[in-house]
Amino acid sequence: KVVWSVYQWGIIIMTCLRSNVFFFLLLCSMLFALPLTQEEYSKIQKQKRTETVVFEICSPESIAPFQMVGAQFDSYITDQVYIGGTAYGAISGGRGGYALGSFNVGYRVGEVFFIDTKVMIGGSGGGGVPVKGGLLIEPVITLGFQLLPDVEIRFGLGKYFSLDNDFRADIYQLGISFDTWHLYLP
């Protein structure tokens, strides 16, 4: 005999409820959706978004270098200005548990060969990295090349500055970016 715990039954019930709610919302959106008007069609705009997978070497002044891997997500406000977010985690160098999350604002010049500058600000901590309160600012300059119409390779240089103490680190980045386009009504 298999004895089911209250926990296992709870998971089954919650899974069924979530599925039913999802299908109910999907059904409602299909039944009650209104078609776009001709005026709305004429106002549809597309927005560029870039997703970047980044390998980063962090070389602090006070401790041994370590490596991180992360993702950056950017949404373009204009053809050159974007805002976004990043998330990194340490993968080697004895700094397991170190993570960084930040918001960024950037500016890009060029298409096939390009220069990209950005400033990130966010929190970090863990892994024995002496960032104290964890608030960092990171200016980065990136040189890039468009390999395919929506795929780019990037090489970046930057520096971490802790706003809570004197932690400083040089940053070396290698990334691959994927561009996507999203439609929206302003």
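Up top is the structure.
The structure displayed is predicted, hence computed values, not measured ones. (Residues numbered from 1 in each chain as written. Predicted model: local features only at pLDDT ≥ 70, side-chain atom pairs only at ≥ 80, totals over all residues. Heavy atoms only, no water.)

1. A few points about the overall build of the chain
The helix and strand tally for the chain stands at two helices and eight strands. Along the chain, helices (α) and strands (β) appear in the sequence α-α-β-β-β-β-β-β-β-β when read from the amino end. Against the compact-globule benchmark of 16 Å for 186 residues, the chain has a radius of gyration of 22 Å, which places it well outside the compact range. Taken over the C-alpha atoms alone, the chain extends approximately 60 × 60 × 30 Å along its principal axes. Split into buried and exposed, the 186 residues of the chain put 31% on the buried side. Across the chain, contacts joining residues at least 24 apart in sequence account for 53% of those joining residues at least 6 apart. Put simply, the chain shows about 11,600 Å² of open surface, and 70% of that area lies on carbon and sulfur atoms. Counting 13 positive and 16 negative side-chain charges, the chain places the centres of these two groups 8 Å from one another. (Helix = DSSP H or I, 4+ residues; strand = E, 2+ residues; numbered from the N terminus. Rg over C-alpha atoms; globule rule 2.2 N^0.38 Å. Buried < 20%, exposed > 50% of the residue type's maximum accessible area, 1.4 Å probe, protein only. Contact = heavy atoms within 4.5 Å. Areas by Shrake-Rupley, 256 points an atom, 1.4 Å probe, with all protein chains shown as cover. Lys, Arg positive; Asp, Glu negative; His and termini not counted. Charge placed at Lys NZ, Arg CZ, Asp CG, Glu CD.)

2. Observations concerning the pairing of strand 3 (residues 81-92)
With 10 bridges connecting them, strand 2 (residues 66-76) and strand 3 associate as antiparallel partners. By the bridge assignment, Ser-75 is partnered in strand 3 with Ile-83. For strand 3 and strand 4 (residues 99-109), the ladder comprises nine bridges, and the chain directions are antiparallel. Following the sheet pairing, Tyr-88 is matched in strand 4 by Leu-100. (Pairing = 2+ DSSP bridges.)

3. Structural notes on the nonpolar core
Of all hydrophobic cores here, the largest spans 17 residues; its most connected members are Phe-66, Met-68, Tyr-98, Leu-136, Tyr-160 and Phe-167. Among the elements of the structure, strand 1 (45-60), strand 2, strand 3, strand 6 (135-148) and strand 8 (168-184) are those that each provide at least two residues to this core. Residues contacting Tyr-160, with those up to four places away along its chain left out, are Glu-56, Cys-58, Met-68, Leu-100, Leu-136, Ile-137, Glu-138, Phe-167, Arg-168, Ala-169 and Ile-171. (Core = buried A, V, L, I, M, F, W, Y, C linked by side-chain atoms within 4.5 Å.)

4. Details of the sheet that holds strand 1
Pairing in this closed barrel of eight strands is antiparallel, and the strands run 1-2-3-4-5-6-7-8 around the ring. Direction aside, neighbouring strands of the sheet carry axes that sit 25° apart on average. (Axes fitted to C-alpha atoms, helices over the stretch in contact; angles between N-to-C directions.)

5. Thoughts on the pattern of salt bridges
For the structure shown, the criterion picks out eight salt bridges. Measuring nitrogen to oxygen at the nearest pair gives 2.9 Å for the salt bridge that ties Glu-152 to Arg-108. With Glu-152 in strand 7 (residues 151-162) and Arg-108 in strand 4, this residue pair connects regions lying 44 residues apart in the sequence. Classification of Glu-152 by relative accessible area gives buried; the value is 1%. (Salt bridge = Lys/Arg side-chain N within 4 Å of Asp/Glu carboxyl O.)

6. Focus: the pairing of strand 2
What you see with strand 2 is a clean split: Phe-66, Met-68, Gly-70, Gln-72, Asp-74 and Tyr-76 sit on the buried side and Gln-67, Val-69, Ala-71, Phe-73 and Ser-75 on the side with no burial. Across 10 bridges, strand 1 lies against strand 2 in antiparallel orientation. Bridge pairing in strand 2 places Phe-55 opposite Val-69. Hairpin geometry of strand 1 and strand 2 is characterised by an intervening segment of five residues between the two adjacent antiparallel strands.

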